[in-house]
Amino acid sequence: QVQLVESGGGLVQAGGSLRLSCAASGGTFSRYTMGWFRQAPGKEREFVARITWSGGTTYYADSVKGRFTISRANAKNTVYLQMNSLKPEDTAVYYCARSPLFAPRAMDYDYWGQGTQVTVSS
């Protein structure tokens, strides 16, 4: 059974940094594209970043480009999201998810974690 467990969220002041982790179990982690999404209160879930199975290709939402970095450690079955220069509008629950596709749409992710809360104070 596949499980994705996020950690690393918390409360941080604007301009600060956090690193989220997503530990995967079940399945062969290195075969999947991994993505990060977020959902703020009253808003729809939105894409944040994704990374292909080898780590060779990454893609970011415009809103986080230059501030967030996605990476992965296949030997540890873990994907990371380094978030710098955080803004209050980054406040959301952050989810990781996996997809068997190289360039998945949101509907192409088959397993999701439970999420971790990130709150950025002004």
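Our structure is the block above this text.
Residues numbered from 1 in each chain as written. Predicted model: local features only at pLDDT ≥ 70, side-chain atom pairs only at ≥ 80, totals over all residues. Heavy atoms only, no water.

Once that is clear, we can look at the pattern of salt bridges. Pairs can form between side chains of opposite charge once their charged atoms are near each other. All chains considered together, the criterion is met by six salt bridges. With a shortest N-O distance of 2.5 Å, E46 and R38 are connected by a salt bridge. Judged by relative accessible area, which is 5%, R38 ranks as buried. The salt bridge involving R67 is made with D90; its shortest N-O contact spans 2.7 Å. Of this pair, R67 sits in the loop between β6 (58-60) and β7 (68-73) while D90 sits in the loop between β8 (78-83) and β9 (92-99), placing them 23 residues apart in sequence. Judged by relative accessible area, which is 0%, D90 ranks as buried. (Salt bridge = Lys/Arg side-chain N within 4 Å of Asp/Glu carboxyl O. Buried < 20%, exposed > 50% of the residue type's maximum accessible area, 1.4 Å probe, protein only. Helix = DSSP H or I, 4+ residues; strand = E, 2+ residues; numbered from the N terminus.)

Now for the packing of aromatic side chains. What the rule picks out here adds up to six aromatic pairs. An angle of 35 degrees between the planes, with centres 5.9 Å apart, marks the rings of F47 and Y59 as tilted. Pair noted here: F47 is in strand β5 (residues 46-51) and Y59 is in strand β6, with a separation of 12 residues, a long-range link. Assessed through its relative accessible area of 22%, F47 is described here as partly exposed. Taken together, a centroid distance of 5.8 Å and an interplanar angle of 70 degrees make the contact between W53 and F102 edge-to-face. Within this pair, whereas W53 is found in the loop between β5 and β6, its partner F102 is found in the loop between β9 and β10 (111-112), the two being separated by 49 residues in sequence. (Phe/Tyr/Trp six-rings, centres within 6.5 Å; stacked < 30°, edge-to-face > 60°.)

With that settled, consider the side chain of S21. Tracing the sequence through the fold places S21 in strand β3 (residues 18-25). By relative accessible area, S21 is classed as buried at 17%. In this view, S21 contacts V5, E6, S7, W36, T78, V79 and Y80; residues no more than four positions away in its chain are not counted. (Contact = heavy atoms within 4.5 Å.)

Here the focus is the side chain of R38. By the secondary structure assignment, R38 is in strand β4 (residues 33-39). Polar contacts involving the side chain of R38 include one to the side chain of E46, which spans 2.5 Å. Look past the residues within four positions of R38 in its chain and what remains in contact with it is E44, R45, E46, V48, S63, V64, F68, E89, D90, A92, V93 and Y94. (Polar contact = N/O pair within 3.5 Å; in protein donor to acceptor, adjacent residues only side chain to side chain.)

Before going further, it helps to spend a moment on the environment of G10. Summarising the element assignment, G10 is placed in strand β2 (residues 10-13). Linking G10 and I51, residues 41 residues apart in sequence, is a C-alpha distance of 23 Å.

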